Amino acid sequence: MTRFFFCCLIFLFGFILSGFGQEKKEPMPLPKEPLQDSIDKYNNLGQYAKAIPFAEKWVEKMKMKKGNESAEYGAALHSLGSTMLNSGKYKEAEPVYIQAIAVRKKVLGEEHPDV
């Protein structure tokens, strides 16, 4: 009985050291920009009017950083449009959405699911 117990302990010890059964660790996500954090914070709180200026700044930053024909710029426009829509500014949101769709079509192609 003691020999069996000892063998089981050695087996379990080896099993633990081998890392078998461990989940693969995902890479850490990249940190968000402070503007994105502010947009998310106010949107999650339902304070859409407070999020709009941050979303507008984010659009300008992406335009300057990535250009007005980039997927990031299109995503920033979509975020601004969504925030405007949620705040009840429907007329202001429509041209922003149209612009976001135009950018995404140009960058990603007509058949892409994000268009």
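This text goes with the structure placed above it.
Residues numbered from 1 in each chain as written. Predicted model: local features only at pLDDT ≥ 70, side-chain atom pairs only at ≥ 80, totals over all residues. Heavy atoms only, no water.

(A) Molecular detail of the overall build of the protein chain. A tally of helices and strands in the protein chain yields five helices and zero strands. For the protein chain, the N- to C-terminal ordering of α and β elements is α-α-α-α-α. By sequence separation, contacts in the protein chain at least 24 residues apart represent 43% of the contacts at least 6 residues apart. (Helix = DSSP H or I, 4+ residues; strand = E, 2+ residues; numbered from the N terminus. Contact = heavy atoms within 4.5 Å.)

(B) Broad picture of the packing of helix α3 (residues 48-66) against helix α4 (residues 71-86). Where α3 meets α4, the closest approach of the two axes is 9 Å, and the angle between their N-to-C directions is 165 degrees. As the angle between them shows, α3 and α4 are arranged roughly antiparallel. The crossing of α3 and α4 is left-handed. Contact residues: Tyr-48, Ala-51, Ile-52, Ala-55, Glu-56, Trp-58, Val-59, Met-62, Lys-63 and Lys-66 in α3; Glu-72, Tyr-73, Ala-76, Leu-77, Leu-80, Thr-83, Met-84 and Asn-86 in α4. Looking at the contact of α3 with α4 residue by residue, the classes come out as 12 nonpolar, two polar and four charged. (Axes fitted to C-alpha atoms, helices over the stretch in contact; angles between N-to-C directions. Parallel < 35°, antiparallel > 145°, perpendicular 65-115°, else oblique. Left-handed = near helix turned anticlockwise from the far one by under 90°. Nonpolar A, V, L, I, M, F, W, Y, C, P; charged D, E, K, R; others polar.)

(C) Examining α4 more closely. In a regular helix each residue adds 1.5 Å, so 16 residues correspond to 22 Å; α4 covers 22 Å between its end C-alpha atoms and thus fits that length. Looking at α4, one finds that the buried residues are Tyr-73, Gly-74, Ala-76, Leu-77, Leu-80, Gly-81, Ser-82, Thr-83 and Met-84. On its buried side, α4 packs onto α2 (34-44), α3 and α5 (90-108). Note on α4: the residue one or two positions beyond its end, Gly-88, has a positive phi of about 90 degrees. (Expected span 1.5 Å × (residues − 1). Buried < 20%, exposed > 50% of the residue type's maximum accessible area, 1.4 Å probe, protein only.)

(D) Spotlight on the nonpolar core. Counting residues in each nonpolar core, the largest one holds 16 residues, and the members touching the most others are Trp-58, Val-59, Tyr-73, Leu-77, Leu-80 and Met-84. Elements represented by at least two residues in this core include exactly α2, α3, α4 and α5. Setting aside residues up to four positions removed in sequence, Leu-80 forms contacts with Ile-52, Ala-55, Glu-56, Val-59 and Val-96. (Core = buried A, V, L, I, M, F, W, Y, C linked by side-chain atoms within 4.5 Å.)

(E) Quick peek at the packing of aromatic side chains. Taken as a whole and judged by the stated rule, the model has one aromatic pair. A centroid spacing of 5.8 Å and a plane angle of 20 degrees characterise the contact between Tyr-42 and Phe-54, whose relative ring orientation is stacked. Of this pair, Tyr-42 sits in helix α2 while Phe-54 sits in helix α3, and the two are 12 residues apart along the sequence. (Phe/Tyr/Trp six-rings, centres within 6.5 Å; stacked < 30°, edge-to-face > 60°.)

(F) The environment of Arg-104, seen in detail. Considering the arrangement of structural elements, one finds Arg-104 in helix α5. Residue Arg-104 is classed as buried on the basis of its relative accessible area of 16%. In this structure, the C-alpha to C-alpha distance between Arg-104 and Ser-70, residues 34 residues apart in sequence, is 7.8 Å.

(G) Structural detail: the side chain of Asn-43. Here Asn-43 lies in helix α2. Asn-43 sits in the buried class, given a relative accessible area of 19%. Only 3.3 Å separates the side chain of Asn-43 from the side chain of Thr-83, close enough to count as a polar contact. The contacts of Asn-43, once residues within four sequence positions are left out, are Tyr-48, Ala-51 and Thr-83. (Polar contact = N/O pair within 3.5 Å; in protein donor to acceptor, adjacent residues only side chain to side chain.)

(H) Structural detail: the packing of α4 against α5. Closest axis-to-axis distance for the α4/α5 pair is 8 Å, and the angle between their directions is 160 degrees. The angle between the axes of α4 and α5 places the two elements in the roughly antiparallel class. As α4 packs across α5, the resulting crossing turns out to be left-handed. Where α4 approaches α5, its residues Ala-71, Tyr-73, Gly-74, Ala-75, Leu-77, His-78, Leu-80, Gly-81, Ser-82, Met-84 and Leu-85 are matched on the opposing element by Tyr-90, Glu-92, Ala-93, Val-96, Tyr-97, Gln-99, Ala-100, Val-103, Arg-104, Val-107 and Leu-108.

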